[in-house]
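Structure assessment
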Amino acid sequence: MQQLQSQQFATWAEPIEMLYACHSKVKRFCKQLQILPAYLAEHGVNQAVKNDVQQILNYFNISAPLHHDDEEKDFFPALVEVYPQAQENIDQLESQHETLHQSWADLAVQLTELLENQRTQIDEALIKRFVSGYDLHIPLEEPLFELGKQYIAQETLTEMGKIMAERRKV
């Protein structure tokens, strides 16, 4: 419960908590994607679906790439500097980012078509491929967040948070 509370109220002054908060959103949106095909089959494309799909598109088109930049440009280099043993996992995670981006690009086409009334269903295999990518990715990545809390100096984390906020013009 403590972890959940800190994620809900995280600020850029706590960049690792913000990384966790992004993962919480990813998990929530992935759950929505998983139930989407059955919902569409039963209820069709309605305004509630369009609203949810638009939020999902916004998140994975804008926020998720920024999150990956936070990791690749700021967090991972800072972690490797103080904990070089993490490099192998980081290499794997960065490769997974590429796969996640490609899976998202494929899925986003169908979600956009749904919004534009050009389709009424989403390919469940695309959803499964995308969600399963995060199911593998997040459990490999979050232990690195804990290492970051343990090994990265507070001054470095503070500066990292400023850079992450600037990336979003917050």
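The model shown is predicted, which means the values in this text are computed figures rather than measured ones.

Parameters and conventions
- Residues numbered from 1 in each chain as written.
- Predicted model: local features only at pLDDT ≥ 70, side-chain atom pairs only at ≥ 80, totals over all residues.
- Heavy atoms only, no water.
- UniProt positions renumbered as here; feature names shortened; annotations may be inferred.
- Helix = DSSP H or I, 4+ residues; strand = E, 2+ residues; numbered from the N terminus.
- Core = buried A, V, L, I, M, F, W, Y, C linked by side-chain atoms within 4.5 Å.
- Buried < 20%, exposed > 50% of the residue type's maximum accessible area, 1.4 Å probe, protein only.
- Contact = heavy atoms within 4.5 Å.
- Phe/Tyr/Trp six-rings, centres within 6.5 Å; stacked < 30°, edge-to-face > 60°.
- Lys NZ or Arg CZ within 6 Å of the ring centre and 35° of its normal.
- Expected span 1.5 Å × (residues − 1).

So, about the UniProt feature "coiled-coil region" (unreviewed entry) in the protein. As recorded in UniProt, the sites labelled "coiled-coil region" (unreviewed entry) are residues 83-128. As annotated, residues 83-128 has a helix share of 74% and a strand share of 0%, and its two end C-alpha atoms lie 34 Å apart.

Using the residue numbers shown here, the UniProt feature "domain: Hemerythrin-like" (unreviewed entry) corresponds to residues 15-142. Annotated as residues 15-142, this span is 88% helix and 0% strand, and its ends, taken at the C-alpha atoms, are 13 Å apart.

Turning our eyes to something else, we now look at the nonpolar core. Nonpolar side chains in soluble globular proteins tend to end up buried together. The biggest cluster of nonpolar side chains holds 28 residues, and the ones touching the most others in it are Phe60, Trp104, Leu107, Leu111, Phe130 and Tyr134. Of all the secondary-structure elements, those providing two or more residues to this core are α2 (15-43), α3 (47-82), α4 (87-115) and α5 (124-151). If sequence neighbours within four positions are ignored, phenylalanine 130 has contacts with Cys30, Leu33, Phe60, Leu100, Ser103, Trp104 and Leu107. Counting 22 residues, the second-largest nonpolar core is a separate cluster that includes Leu19, Phe75, Leu93 and Leu157.

On to the packing of aromatic side chains, then. Under the counting rule described, the total for this entry stands at 12 aromatic pairs. Pairing tyrosine 20 with phenylalanine 145 gives two aromatic rings, centres 5.1 Å apart and planes at 85°, and the pair type is edge-to-face. Pair noted here: tyrosine 20 is in helix α2 and phenylalanine 145 is in helix α5, with a separation of 125 residues, a long-range link. An identical accessibility class is assigned to tyrosine 20 and phenylalanine 145; each is buried. Through a chain of ring-to-ring contacts, three or more aromatic side chains come together here, namely Phe29, Tyr59, Phe60, Trp104, Phe130 and Tyr134. The ring of phenylalanine 29 has arginine 28 lying over it, and the distance from NZ or CZ to the ring centre is 4.5 Å.

This part is about helix α6 (residues 154-167). Across its 14 residues, α6 extends 20 Å between first and last C-alpha, which sits within 8% of the 20 Å expected from 1.5 Å per residue. Buried residues along α6 sit in contact with α2 and α3. At the exit of α6 stands lysine 169, carrying a positive phi of roughly 55°.

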